[in-house]
Amino acid sequence: MSYIYDSNNQLQIVQILDGKTLSVTIQRELGDEVDLLIEKGKKRPHLAAVIVGSNPASKVYVGHKIKACDRVGFKSSLIELGDDITQDQLIAEIEKLNEDADIDGFIVQLPLPRHIDNQAVIQAVRPSKDVDGFHPVNIGKMTMGLDGFIPATPLGIITMLDRYNITTEGKKVAVLGRSNIVGTPMSILLSRNADIGNATVTLCHSRTKNLDDILRNADIIVAAIGRDRFVTEDLVKEGAIVIDVGINSIPDQTKKSGYRLVGDVDFEHVAPKCAFITPVPGGVGPLTVAALLMNTLKAAKATS
Ligand code: NDP
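Everything quoted here is computed from the prediction, not taken from an experiment.

Calculation notes
- Residues numbered from 1 in each chain as written.
- Predicted model: local features only at pLDDT ≥ 70, side-chain atom pairs only at ≥ 80, totals over all residues.
- Heavy atoms only, no water.
- Helix = DSSP H or I, 4+ residues; strand = E, 2+ residues; numbered from the N terminus.
- Rg over C-alpha atoms; globule rule 2.2 N^0.38 Å.
- Buried < 20%, exposed > 50% of the residue type's maximum accessible area, 1.4 Å probe, protein only.
- Contact = heavy atoms within 4.5 Å.
- Areas by Shrake-Rupley, 256 points an atom, 1.4 Å probe, with all protein chains shown as cover.
- Lys, Arg positive; Asp, Glu negative; His and termini not counted.
- Charge placed at Lys NZ, Arg CZ, Asp CG, Glu CD.
- Near = heavy atom within 4 Å.
- Polar contact = N/O pair within 3.5 Å; in protein donor to acceptor, adjacent residues only side chain to side chain.
- Nonpolar A, V, L, I, M, F, W, Y, C, P; charged D, E, K, R; others polar.
- Core = buried A, V, L, I, M, F, W, Y, C linked by side-chain atoms within 4.5 Å.
- Domains from an automatic or database assignment.
- Pairing = 2+ DSSP bridges.
- Axes fitted to C-alpha atoms, helices over the stretch in contact; angles between N-to-C directions.
- Right-handed = clockwise from strand over helix to strand, strands pointing away.
- Patch = residues over 30% accessible without salt bridge, like charges linked within 9 Å, V, L, I, M, F, W, Y side chains within 5 Å.
- Salt bridge = Lys/Arg side-chain N within 4 Å of Asp/Glu carboxyl O.
- Parallel < 35°, antiparallel > 145°, perpendicular 65-115°, else oblique.
- Left-handed = near helix turned anticlockwise from the far one by under 90°.

### Thoughts on the overall build of the protein
Right, so step 1: From N to C terminus, the protein includes 10 helices and 12 strands.
Right, so step 2: For 304 residues, the compact-globule estimate of 2.2 N^0.38 gives 19 Å, and the C-alpha radius of gyration of the protein, at 20 Å, lies within 12% of that figure.
Right, so step 3: Considered along the principal axes of its C-alpha atoms, the protein spans approximately 60 × 45 × 40 Å.
Right, so step 4: Taken over 304 residues, the protein has a buried fraction of 48%.
Right, so step 5: For the protein, restricting intrachain contacts to residue pairs at least 6 apart in sequence, the fraction spanning at least 24 positions comes to 67%.
Right, so step 6: For the protein, the exposed area adds up to about 14900 Å²; of that, 50% sits on carbon and sulfur atoms.
Right, so step 7: Charge separation in the protein, taken as the distance between the mean sites of 33 positive and 37 negative side-chain charges, equals 1 Å.

In structure tokens:
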């Protein structure tokens, strides 16, 4: 529970959804499960990550994932490829990972260089090793409520809602952004007939009309558009639950790096109105990593 002053200098109670701490808890639980597997003589779960080119943000994200593997006792492999690799060569690398019996799951970090077709790469990953949950088979299974891999960021978010005992049934949800990796799967998950689901979801995008009204009416907002502090105080109703997926870098001369990270939500002004809100950084991001590990353990258990 946190206390925040609103724009009228009134003290408000708001619960910050602390993704960082929850991610540590989940990783500890996963570590215990790995210990049990090893005690039973099973093999150590193994995640591989493929990174193409030298995108600095991608390197940071993959670095977090590899470090997290170490923390929970997974084996990990990092495959770094030059940005001049052809699509066929990349798919040949993916085929090797598909066939490698020691690797339980792998990810190909996005974005890929422009000359490579993302969909061709995503569809080359064997669905049973697709721990990012991006393959159409896994998206289809999720849509139909069948068991498969759920994309890591939406899985992290529903795990967070579940662990904080936040009910979604009957709530009006506005999901802002319709990407295949965040917005669209998030809208499907919250619409499903499931414990974290049964909500009425409006999926919003750049062509949505009356966006402001949709946001003002929402009990839950999931913001995933990649626009620095787009969701302002006037767009959020009192007592709303706000999940901020956005990661935007803005100049900040007070920081050694010269920049800082902010979300798609104007946290400072929106938080006092909310029942629950995720911060950026320290909200959804760490849970995305935890969810990837959850998927990898699931893949490992399926074959051991
Ligand atoms: P994409 O860039 O793929 O998609 C953005 C979506 O936002 C599109 O659907 C687009 O609409 C919509 N959009 C853009 N501008 C507006 C607007 N003004 N009004 C309404 N809708 C708009 O985004 P991602 O889903 O890949 O990422 C979104 C954000 O989340 C980024 O900041 C990214 O860095 C972050 N992210 C964070 C993760 C984490 O772990 N915390 C994981 C993944 C992403 P249209 O389809 O019409 O173009």
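### Digging into the site of the ligand
Right, so step 1: Surveying the vicinity of the ligand reveals 21 residues, the closest of which are Arg-178, Ser-179, Ser-206, Ile-247 and Thr-288.
Right, so step 2: Separating an oxygen atom of the ligand from a side-chain N or O atom of Ser-206 is a distance of 2.5 Å.
Right, so step 3: Ile-247 has a polar backbone atom sitting 3.0 Å from an oxygen atom of the ligand.
Right, so step 4: Calculation on the ligand without its partners gives an accessible area of 930 Å², and the protein chains cover 71% of this total.
Right, so step 5: Of the residues belonging to the shell around the ligand, the class tally is nine nonpolar, 10 polar and two charged.

### Some points on the nonpolar core
One recurring pattern in soluble globular proteins: nonpolar side chains tend to sit buried together.
Right, so step 1: Judged by nonpolar contacts, the single largest core of 52 residues is most densely connected at Ile-157, Leu-190, Val-222 and Ile-243.
Right, so step 2: Residue contributions to this core peak at nine residues, all from helix α10 (residues 284-303).
Right, so step 3: Residue contributions to this core reach at least three from each of two domains, namely domain 1 (41-126) and domain 2 (151-284).
Right, so step 4: Counting 20 residues, the second largest nonpolar core, distinct from the first, contains Cys-204, Ala-218, Leu-235 and Val-242.

### Here's the deal with the sheet that holds strand β5 (residues 105-108)
Right, so step 1: The sheet built from three strands is open, its strands ordered β4-β3-β5 with parallel pairing. Because the sheet does not close on itself, it has two edges, and the strands there are β4 (75-81) and β5. Across this sheet, the average inter-strand angle for adjacent strands is 15°, counted without regard to direction.
Right, so step 2: As paired strands, strand β3 (residues 46-52) and β4 are joined by seven bridges and run parallel to one another. Following the sheet pairing, Ile-51 is matched in β4 by Glu-80.

### So, the pairing of β3
Right, so step 1: Along β3, seven of the seven residues are buried, which leaves the element largely enclosed by surrounding structure.
Right, so step 2: Taking every second residue as pointing to the same face, both faces of β3 are buried, with His-46, Ala-48, Val-50 and Val-52 on one and Leu-47, Ala-49 and Ile-51 on the other.
Right, so step 3: With helix α2 (residues 56-72) bridging β3 and the parallel β4, this β-α-β connection has right-handed handedness.
Right, so step 4: Of the pairings in the sheet, the one linking β3 to β5 comprises four bridges and is parallel in character. Residue Leu-47 lies in a different strand from β5, and its bridge partner there is Gly-105.

### Remarks on a nonpolar patch on the surface
Right, so step 1: A cluster of nonpolar side chains, namely Val-60, Tyr-61, Ile-247, Tyr-259 and Leu-261, defines an oily patch on the protein surface of about 430 Å² accessible area.
Right, so step 2: When residues of the nonpolar patch are traced back to their parent elements, those giving at least two are α2 and β11 (259-262).
Right, so step 3: With respect to the helices and strands, the residue Ile-247 is situated in the loop between β9 (240-244) and β10 (248-251).
Right, so step 4: We classify Ile-247 as partly exposed; its relative accessible area is 44%.

### Topic: the pairing of strand β8 (residues 220-223)
Right, so step 1: Of the two faces of β8, both are covered, the one formed by Ile-220 and Val-222 as well as the one formed by Ile-221 and Ala-223.
Right, so step 2: As paired elements, strand β6 (residues 172-176) and β8 share four bridges and run parallel to each other. Paired with Leu-176 across the two strands is Ala-223, which belongs to β8.
Right, so step 3: Both β8 and β9 contribute to a ladder of four bridges, which runs parallel. Across the sheet, residue Val-222 finds its bridge partner in β9, namely Ile-243.

### Some thoughts on the packing of α2 against α10
Right, so step 1: Look at α2 against α10: their axes get within 10 Å of each other, and the N-to-C directions meet at 55°. In terms of orientation, α2 and α10 fall into the oblique class. For α2 against α10, the interelement crossing comes out right-handed. Facing α2, whose interface residues are His-64, Lys-65, Ala-68, Cys-69 and Val-72, α10 presents Val-289, Leu-292 and Leu-293.

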